Amino acid sequence: MADPLEPGMRRSTTATFFEQRLLQDAAREKQKARHTLLMNLKERDLRDRPSSQFLRECREQTVTDQFGAEPEETMGQTFGITDVPKNFAQATEQEEDDSHKIGELPSTAICGNDITASCFYVVGELSKNAGVFSPICTMMSSLTLYCFRSVYGEVVTALPLNGGIYNLLLNSSTKQTASVAACLTILSYTATGVVSSVSAADYLKCSPMFSGIESVPTAICILGFFAACMLMGMQESSAVASALFVFHLSVFFILGTFCVIFLQDAGLGQLYDNFAWERQPPFWNSIFFGFSSAMLGVSGFETSANFVEEQKPGVFPKTLRNMWVAVSIINCVLPSLAVAVLPLDELTGDKSGFALAFLAERVAGPFLRDVVAIDALLVLSGSVLTSYVGVVGLFQRMAGDRCLPEFFSETNSWRNTPHYTILVFFGVCSSMCVMLNGDITLLAAIYSISFLLVMGLFAFCGLWLKINRPTLPREINAHPAFFVCGLLLVSFAFTAVVLLHPEMLTYFYIYYGITTTMVMLTFARVSIFTAFLQLMSHSKAARFVIQWFVHKRVAEEWAHQKLKNLQDQGVVYFTKRANMSQINRALQYIEQNEEARWVKVIHCYPDADQIPTNLEEYVQILDCVYPTLKVDSILVHGEFSPAMVQYISKRIQVKVNCMFINCPKIDFKHPLDRMGGVRVILNSEKPNPFRRGLNLGTTSPFFGMSPMNARNAGEDYAALMPNKSSEDEKDMQSIPGLPFNLDNEDLNN
């Protein structure tokens, strides 16, 4: 009789189902990998070159020494693509059709609704912390926004791609750093959705018809409604946003007009009474803590940077200007009128959550109150939709860049929407709403912490971009003082928020920690699968537990296939010259930042006589240096251009966002936003400032020998020196501040 505890007896119908799913998954991945391998490329035969056999032996020996076994694959191969269609091979100057992109008014409306909606919940919070000194705090926030107008203008026009802080760091730092910073943006979107939905519920309650509703359930219903709309494929409409923005500004204008008329009739007696408010904080405390609340009124300023690719050329700086003007007027005028019309005891009491509706009722009666409440419901609901659209776009971008699990980019067959992302975001927003019981003060504190961190990081990274990507073309070149001043003011506000609500740091750490952990686990997938396979090989207990659900062989095959697929993902590095140092730095970046272990070094050449000498040998040498990477070289007949990038992407089955280039320079003839999302990973090779001062008797980097002695060491160095000199001269071009002139050359990579 069989032992009832025998593992083989336990695998029931459920276990068989798991096995079938795992085997099907592995088969699909194999088919995908096989499709990637069939690239229809023509391999270049380098066996007649003297170095070919030597390099192959070096590669085999390196892999054998590294892993203690014979290599499964030989060294990287060299391919040629010579059948490029003419319309891709020639980089003709063609004007891209921008008619489908959105203009100044719709772009301003989309982000303007977001930033001006914050006034609905800021007036009450600001009055609690600053009292009668609220207008001074809003003027300070306007000054801060003026600094960030220059900061965002320079950074986003230099890197005109969607993604905000994530895009900035992805093109100037490491992939892990960019992903961790993007988690702040995700948290900011979460807080935006929660604060906007709760505030919309509060304004709905101010109407006698809905006075009995509860804020938390209503806010969750609003979040759920827009989650359902997103699942059905709803997106932001520029026409609807424009109409709503005009209506929203009209309501504020009417409200301000009635306030002025009211003050003409009633006088400034209430303002004088508020100056004698017994709970008025001291002046410096009012400014310090009030400024942190006023900064919440400019949240949403970063929205325009998240859809810059959809805007017509030249529109983005105008949206920054328009937002700054609108928010400066609204945030300075409405708090001032509220302090002049309403008693501070009532403004900071139970009615602070719907302060503007309360103000409208005081100056014009119930009708204007209901109009303001409807406006608040519409605009704040639009902010909830903006948070959904923003987080879905960011999740799909990060999943495409392999910073998040692939299931976040999966779409359903019904409406082709990313259901996992939408449902996860709805669940996180609802949990935050419940945990903080819909308290707008605490929710605003969480929002302020995440938003201020994003803004401060943007200013700091903008300075880093100036240093780390000095040759990157910029339409706007802001003075570093704007970056420093903006960073200091945001740090000032962040410190005030933390001191005022230290308990909110716990919730911030919880939500930020969960998001960051999810990202870090994605980067550790190779280590996790490797550890799983080792555990299955050495631990009987692990095998015993696994066999409850699936056969050991099936689990190991699935893990092996997943691991192989991760490492067989291809990445591309475009190089313009045969510069071994530059290619080596690119491989270092890929090894440290990418799971992919298959690198394709691509060079585009218009004519056969322009193929760099020894490029293929250099790639093969580096293939020997990095035994964990497979490095192929591909020579493409045609000019490097956006059309060529798209053609190569389809030909070799590598996404454009997994293609890398060096930092463009001033004379790069293709705008970066036309390149389809290629990533900037390196600067051009830095020149040796002492090279021109060297003479035959000075020391050379070549093994510490002088050039004269090194030339006597063999013919190889003599052949190398002219090429090395030529490459250094090319690298020093377009670098400002050199004491000598060089011939101009079109440089891109």
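So, here's what we can say about the structure.

Basis of the calculations
Residues numbered from 1 in each chain as written. Predicted model: local features only at pLDDT ≥ 70, side-chain atom pairs only at ≥ 80, totals over all residues. Heavy atoms only, no water. Helix = DSSP H or I, 4+ residues; strand = E, 2+ residues; numbered from the N terminus. Expected span 1.5 Å × (residues − 1). Buried < 20%, exposed > 50% of the residue type's maximum accessible area, 1.4 Å probe, protein only. 1 Å grid on protein atoms, 1.4 Å probe; cavity = no way out; pocket = protein on both sides within 12 Å on 5 of 7 lines; lining within 4 Å. Points joined across faces, edges and corners; volume = space filled by probe spheres on them. Nonpolar A, V, L, I, M, F, W, Y, C, P; charged D, E, K, R; others polar. Polar contact = N/O pair within 3.5 Å; in protein donor to acceptor, adjacent residues only side chain to side chain. Contact = heavy atoms within 4.5 Å. Pairing = 2+ DSSP bridges.

Some points on helix α7 (residues 134–158)
- The end-to-end C-alpha separation of α7 is 36 Å, in line with the 36 Å expected for 25 residues at 1.5 Å each.
- Here α7 lies mainly inside the structure; 18 of its 25 residues are buried.

Things to note about empty space enclosed by the protein
- The full count for this structure, using the stated rule, is seven cavities of 30 Å³ or more.
- Of the volumes computed, that of the largest cavity is approximately 120 Å³.
- Taken together, 13 residues make up the lining of the largest cavity; nearest its centre are N129, S293, A444, S448 and H501.
- Residue contributions to the lining of the largest cavity peak at four residues, all from helix α19 (residues 440–468).
- Split into classes, the residues belonging to the lining of the largest cavity amount to six nonpolar, six polar and one charged.

Focus on the side chain of T319
- For T319, the position within the fold is in helix α14 (residues 315–341).
- There is a polar contact of 3.0 Å between the side chain of T319 and the side chain of S304.
- Among the polar contacts listed, one links the side chain of T319 to the backbone oxygen of F316, at a separation of 2.6 Å.
- Non-local contacts of T319, meaning those with residues more than four positions away in its chain, are made with E104, S107, T108, C111, S304 and Q311.

Here's the deal with the pairing of strand β6 (residues 659–662)
- The alternating pattern of β6 places M659 and I661 and F660 and N662 on opposite faces, both of which are buried.
- Looking at chain direction, strand β3 (residues 570–574) and β6 are connected through two bridges and run parallel. Looking at the pairing, Y573 lines up with F660 of β6.
- Judged from the three bridges that link them, β6 and strand β7 (residues 679–682) form a sheet pairing that is parallel. In the sheet register, I661 faces β7, and the bridge partner there is V680.

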